[in-house]
Amino acid sequence: LAKCYYSRGYYARSIDLCNLLLQADTLAEDLTLVARCYERMGQVDSTIAYREKVAARDIEDYVNVSSLARIYDQIGMYEMGLYYLDLYYNVDSTNLTINNLRAYTLHELRQFDEEIEEYRKLREAGFKDATSLYYDGVAHARVGRKAEAYKLLDEARQRSIIPNGYIYAELGMVADDVGEDEEAVEYINTAMDLLLPDTTLMYDMLNTQAMSHMMLRHWRDAIASYQHSLQYRNDLTNLCQIAYLYGVLRDERNERRYYEQFLRELESYPRPERYASLKQRAERRLRIMREEQFMREGVPQEGR
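The following paragraphs examine the structure supplied in this document. (Residues numbered from 1 in each chain as written. Predicted model: local features only at pLDDT ≥ 70, side-chain atom pairs only at ≥ 80, totals over all residues. Heavy atoms only, no water.)

What to know about the overall build of the protein
When helices and strands are counted, the protein shows 17 helices and zero strands. Viewed in the frame of its principal axes, the protein has a C-alpha envelope of about 100 × 40 × 35 Å. Considering the protein as a whole, with its 304 residues, one finds that 45% of them fall into the buried category. Contacts spanning at least 24 positions in sequence make up 46% of the contacts within the protein whose residues lie at least 6 apart. In the form shown here, the protein has an accessible surface area of approximately 16700 Å², with 46% of it arising from carbon and sulfur atoms. (Helix = DSSP H or I, 4+ residues; strand = E, 2+ residues; numbered from the N terminus. Buried < 20%, exposed > 50% of the residue type's maximum accessible area, 1.4 Å probe, protein only. Contact = heavy atoms within 4.5 Å. Areas by Shrake-Rupley, 256 points an atom, 1.4 Å probe, with all protein chains shown as cover.)

This is the structure in structure tokens:
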């Protein structure tokens with residue numbers, strides 16, 4: 001009867017009946033049903049309490065352990081999720097469902113080397129879904145193994161049933177690192193189309209896109225990417241990059257404009273010493289432009 005109430009959405013009534021059953025004998029099946037009811041009702045603390053009771057009675061109940069770990073992951077308590085996953089893992093290290101969740105939890109804890117090893121085992125066992133390949137690729141990128149990261153992320157892209165903006169974003173940024181500049185631009189353009197209006201990765205993607213354009217000598221495209229990036233973060237370095245690129249194009253007016261903007265904004269920056277070398281570059285370039293202008297016109301323009 002308690003199961004019937006649960007299946008029809010009467011979660012409170014199902015819990016009441018389970019509590020009557022638990023007075024007579026504590027069975028894992030009844031504890032699990034109460035946990036599922038609380039989960040459906042959105043009561044996280046009670047869900048965790050009953051999932052932990054089940055784990056204490058039977059740590060080899062992998063369905064319960066994975067549910068408990070996912071809840072902890074959802075609320076950002078990854079250490080607790082890993083604690084229960086490790087308890088199961090110490091008994092049975094061959095369960096791919098648990099191992100995949102454990103690898104993801106290690107990723108969120110930034111334990112990349114151990115995560116990479118777990119994903120390697122998963123791949124060797126034939127577990128190669130797009131999500132696991134994505135996290136594996138990101139982990140490789142974070143520890144500097146860019147070539148391996150590129151292969152994994154590209155396979156994740158191919159295996160993803162629906163185009164995934166996060167896969168394209170990471171793939172584009174890694175493609176730039178391994179010298180695949182045209183692919184980097186293409187992947188980042190796709191990522192931006194897929195991710196908007198989510199702007200979390202926009203600044204990093206636009207920066208990578210700009211650098212790829214520079215490697216391809218697409219100066220105006222690089223300028224456009226850097227200018228676009230300023231909408232998401234007012235980075236003084238990018239102002240200097242834009243000025244430099246206008247110098248490459250011999251557009252002296254815009255080159256001067258962006259160097260002067262950089263120096264103005266630097267005056268109110270809390271740690272100007274971080275930009276000492278860029279300040280020297282900007283001041284030197286502006287001085288050269290003033291001298292060249294004087295040689296052309298005889299008298300520098302006011303304020304120049």
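So that's the structure; there's more coming.
Quick notes on the environment of Ile288
Within the fold, Ile288 resides in helix α17 (residues 276–297). Look at Ile288 and you get partly exposed, because its relative accessible area is 31%. For the pair Ile288 and Ala125, spaced 163 residues apart in sequence, the C-alpha separation works out to 63 Å.

Things to note about the side chain of Asn64
Inspection of the secondary structure puts Asn64 in helix α5 (residues 62–74). Apart from the residues within four sequence positions on either side, Asn64 is in contact with Arg51, Val54 and Ala55.

Quick notes on the side chain of Asp30
Inspection of the secondary structure assignment puts Asp30 in helix α3 (residues 28–40). Comment: no salt bridge for buried Asp30; closest opposite-charge side chain is Lys3, at 7.2 Å. Setting aside anything within four residues of it in sequence, one finds Asp30 in contact with Cys18, Leu21, Leu22 and Asp25. (Lys, Arg positive; Asp, Glu negative; His and termini not counted. Salt bridge = Lys/Arg side-chain N within 4 Å of Asp/Glu carboxyl O.)

What about the nonpolar core?
Judged by nonpolar contacts, the single largest core of 30 residues is most densely connected at Tyr134 and Met205. Mapped by element, the contributors of at least two residues to this core are α8 (112–124), α9 (130–142), α10 (146–159), α11 (165–177), α12 (181–195) and α13 (202–215). Take this core: its biggest share by element is seven residues, from α11. In contact with Tyr134, not counting residues within four places along its chain, are Leu153, Ala156, Tyr166, Ile167 and Glu170. Counting residues in hydrophobic clusters, the runner-up holds 24 residues, among them Ile223, Leu230, Phe262 and Leu286. (Core = buried A, V, L, I, M, F, W, Y, C linked by side-chain atoms within 4.5 Å.)

Looking at the packing of helix α14 (residues 219–229) against helix α15 (residues 236–248)
Two quantities define a packed helix pair, namely the angle between the axes and the distance from one axis to the other. At a minimum axis separation of 9 Å, α14 and α15 run at an interaxial angle of 160°. By the angle class used here, α14 and α15 are roughly antiparallel. Where α14 crosses over α15, the handedness of that crossing is left-handed. Across the interface between the two elements, Trp219, Ala222, Ile223, Tyr226, Gln227 and Ser229 of α14 pack against Asn238, Gln241, Ile242, Leu245, Tyr246 and Val248 of α15. Each residue belonging to the contact of α14 with α15 can be placed in one class, and the counts come to eight nonpolar, four polar and no charged. (Axes fitted to C-alpha atoms, helices over the stretch in contact; angles between N-to-C directions. Parallel < 35°, antiparallel > 145°, perpendicular 65-115°, else oblique. Left-handed = near helix turned anticlockwise from the far one by under 90°. Nonpolar A, V, L, I, M, F, W, Y, C, P; charged D, E, K, R; others polar.)

Let's talk about α3
Its 13 residues place the ends of α3 18 Å apart at the C-alpha level, agreeing with the 18 Å of an ideal helix rising 1.5 Å per residue. Listing the buried residues of α3 in full gives Asp30, Leu31, Thr32, Leu33, Val34, Ala35, Cys37 and Tyr38. For α3, the secondary structure elements touched by its buried residues are α1 (2–7), α2 (11–24) and α4 (44–57). Immediately beyond the C-terminal end of α3, within one or two residues, lies Gly42, with a positive phi of roughly 80°. (Expected span 1.5 Å × (residues − 1).)

Remarks on a nonpolar patch on the surface
On the surface, Val44, Ile75 and Met77 cluster together into a nonpolar patch covering about 220 Å² of accessible area. Following the sequence through the fold, Met77 ends up in the loop between α5 and α6 (78–89). According to the relative accessible area criterion, Met77 is partly exposed, its value standing at 37%. (Patch = residues over 30% accessible without salt bridge, like charges linked within 9 Å, V, L, I, M, F, W, Y side chains within 5 Å.)

That's the geometry; what it means functionally is another story.
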